[in-house]
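# Structural overview for review
For reference, the chains in residue letters:
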Amino acid sequence: MSAAVSYRSGFVALVGRPNVGKSTLLNRILGEKIAIISDKPQTTRTRILGVKHLPGAQVVFLDTPGIHKPKFELNKRMVDVALHVLDEVDLACFMVEATEPPGPGDRFVLERLKERDVPAVLVINKVDLVKKLRLLPLIDEYSRMHRFAEIVPVSAKTGDGVDRLLELALARMPEGPSYFAEDVVTDQPMRVLAAEIIREKLLQKTRDELPFAVAVFIDSFKEEGRMARISATVYVEKDSQKAIVIGKHGEILKAVGTHARIDMENLFGMKVFLELWVKVKASWRQDERMLVELGY
Ligand SMILES: Nc1nc2c(ncn2[C@@H]2O[C@H](COP(=O)(O)OP(=O)(O)OP(=O)(O)O)[C@@H](O)[C@H]2O)c(=O)[nH]1
Ligand SMILES: [Mg+2]
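Residues numbered from 1 in each chain as written. Chains lettered and ligands numbered in written order. Predicted model: local features only at pLDDT ≥ 70, side-chain atom pairs only at ≥ 80, totals over all residues. Heavy atoms only, no water.

Here we come to the pattern of salt bridges. Applying the stated criterion across every chain, the model contains 25 salt bridges. Linking glutamate 200 and lysine 201 is a salt bridge whose minimum nitrogen-to-oxygen distance equals 3.0 Å. One salt-bridge network, in which partners are shared between bridges, spans Arg17, Glu97, Glu100, Asp106 and Lys126. (Salt bridge = Lys/Arg side-chain N within 4 Å of Asp/Glu carboxyl O.)

Written out as structure tokens, the structure is:
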């Protein structure tokens, strides 16, 4: 006779206003880069699933777009995705920054959490940027705003506190099945990962309104043995933006292509040939059909 061994599994949401470090934390927890990161807000546009495999357990993290006041159909969808994720998790990690007191954006997210009765851990990120002493008043202020299950200061950048967060999350996972096979880290297909890598490089090399106006579509992705031939189109909304993305003598687009290719080769473990095109599609952020096509 063998005793039943219980397996734990569950879903954890990473939510917060834009730019607090949700995607950086996801990558840190997984030890793998599956979510793109930038210093601009509204980087993440979809739900990004990441599976943390542990002995006798599986914690499925759902990284979400930063919650903000939506001005375009794209942004409305992004916020809807984040709020919907809150309805399907066992635990929510409400992420804020240690560098600032709670602002209207943080309060707005917290209100959405309060409307649901999902247990929430307050994750105070970017502690590498502040003195320890500055955390105490912050913890005090946040604990008066909500009855958090736990409060965990972390640095997604250095990894400080991340193991403790993972332990706390694991302790709150119910008994459940193994949802994903041992070797699965994310449910994003390779073409989605490829498009996201290209978008990350575009965000890194451009600024102002451009990051918000950029979308990437993979026109073709052909695997030939240990090699992939990828052709992608970068969509922008205006001719002036197209000129910025291409750059003088095409140097911006060339750099984007080179950096994206290197990241893809590392992630996919194969040689990559990447071809990039730029097209203007006015108001794609408001175009329902385009949004669906782009996977938003
Ligand atoms: N110093 C410091 N910077 C961090 C830390 N975590 C994230 N960052 C930086 O904060 C910025 C935003 O990080 P992201 O992970 O893209 O933030 P996000 O919350 O996913 O943002 P959205 O997807 O736009 O909602 C990037 O420049 C990161 O490098 C941290 O612990 N310390
Ligand atoms: Mg993000």
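Alright, that's what it looks like, and here's the rest.
The coordination sphere of the magnesium ion (ligand 2) contains the protein donors Ser23 (OG) and Thr44 (OG1), at a distance range of 2.0 to 2.1 Å. Note that serine 23 is positioned in helix H1 (residues 22-30) and threonine 44 in the loop between H1 and strand E2 (48-54), a separation of 21 residues in sequence. Overall, the relative accessible area of 8% leaves threonine 44 in the buried class. (Donors = N, O, S within 2.8 Å, 3.2 Å for Na, K, Ca; no water. Helix = DSSP H or I, 4+ residues; strand = E, 2+ residues; numbered from the N terminus. Buried < 20%, exposed > 50% of the residue type's maximum accessible area, 1.4 Å probe, protein only.)

Our focus in this paragraph is helix H9 (residues 251-268). For H9, spanning 18 residues, the distance from its first C-alpha to its last is 25 Å, which sits close to the expected 26 Å at 1.5 Å a residue. Taken as a whole, H9 has its buried residues at Leu253, Val256, Gly257, Ala260, Met264, Glu265 and Phe268. An end-on view of H9 places all buried positions within 155° of arc, on one side of the element. Exposed residues on H9 whose side chains face more than 90 degrees from its buried face are Lys254 and Asn266. Considering only its buried residues, H9 is in contact with helix H6 (190-205), strand E7 (215-224), strand E8 (227-236), helix H8 (239-246) and strand E9 (271-280). Looking at the residues trailing H9, positive phi occurs at glycine 269, about 65°. (Expected span 1.5 Å × (residues − 1). Arc of directions from axis to C-beta. Contact = heavy atoms within 4.5 Å.)

In the contact formed by H6 and H9, the axes pass within 9 Å of each other and the chain directions differ by 140°. Accordingly, the angle class assigned to the pair H6 and H9 is oblique. With respect to the hand of their crossing, H6 and H9 are arranged in right-handed fashion. Side by side, H6 and H9 meet where Met190, Leu193, Ala194, Ile197, Ile198, Glu200, Lys201, Leu202 and Lys205 of the first sit next to Ile252, Ala255, Val256, His259, Ala260, Asp263, Met264, Leu267 and Phe268 of the second. Of the residues contributing to the contact of H6 with H9, the split by class is 13 nonpolar, one polar and four charged. (Axes fitted to C-alpha atoms, helices over the stretch in contact; angles between N-to-C directions. Parallel < 35°, antiparallel > 145°, perpendicular 65-115°, else oblique. Left-handed = near helix turned anticlockwise from the far one by under 90°. Nonpolar A, V, L, I, M, F, W, Y, C, P; charged D, E, K, R; others polar.)

What follows is about empty space enclosed by the protein. One pass over the full model with this rule turns up one cavity of 30 Å³ or more. Along the walls of the largest cavity sit Gln42, Arg45, Leu74, Asn75, Met78, Phe212 and Arg285, which together make up its complete lining. Across the lining of the largest cavity, the residue classes tally to three nonpolar, two polar and two charged. (1 Å grid on protein atoms, 1.4 Å probe; cavity = no way out; pocket = protein on both sides within 12 Å on 5 of 7 lines; lining within 4 Å. Points joined across faces, edges and corners; volume = space filled by probe spheres on them.)

Domain boundaries in the protein define domain 1 (8-171) and domain 2 (190-293). Relative to domain 2, the C-alpha centre of domain 1 lies at a distance of 27 Å. In this complex, domain 1 contributes 16 residues to the contact, which on the side of domain 2 involves 20 residues. Contact between domain 1 and domain 2 buries roughly 1600 Å² in total, counting both sides, with carbon and sulfur atoms accounting for 55%. At the junction of domain 1 with domain 2, the criterion picks out two salt bridges. Notably, a salt bridge pairs glutamate 200 with lysine 33, separated by 2.7 Å at the nearest N-O pair. On the surface where domain 1 and domain 2 come into contact, there are 12 residue pairs in polar contact (both at pLDDT 80 or more). Of the residues contributing to the side of domain 1 that touches domain 2, the split by class is six nonpolar, four polar and six charged. (Domains from an automatic or database assignment. Buried area = accessible area lost by both parts, 1.4 Å probe. Polar contact = N/O pair within 3.5 Å; in protein donor to acceptor, adjacent residues only side chain to side chain.)

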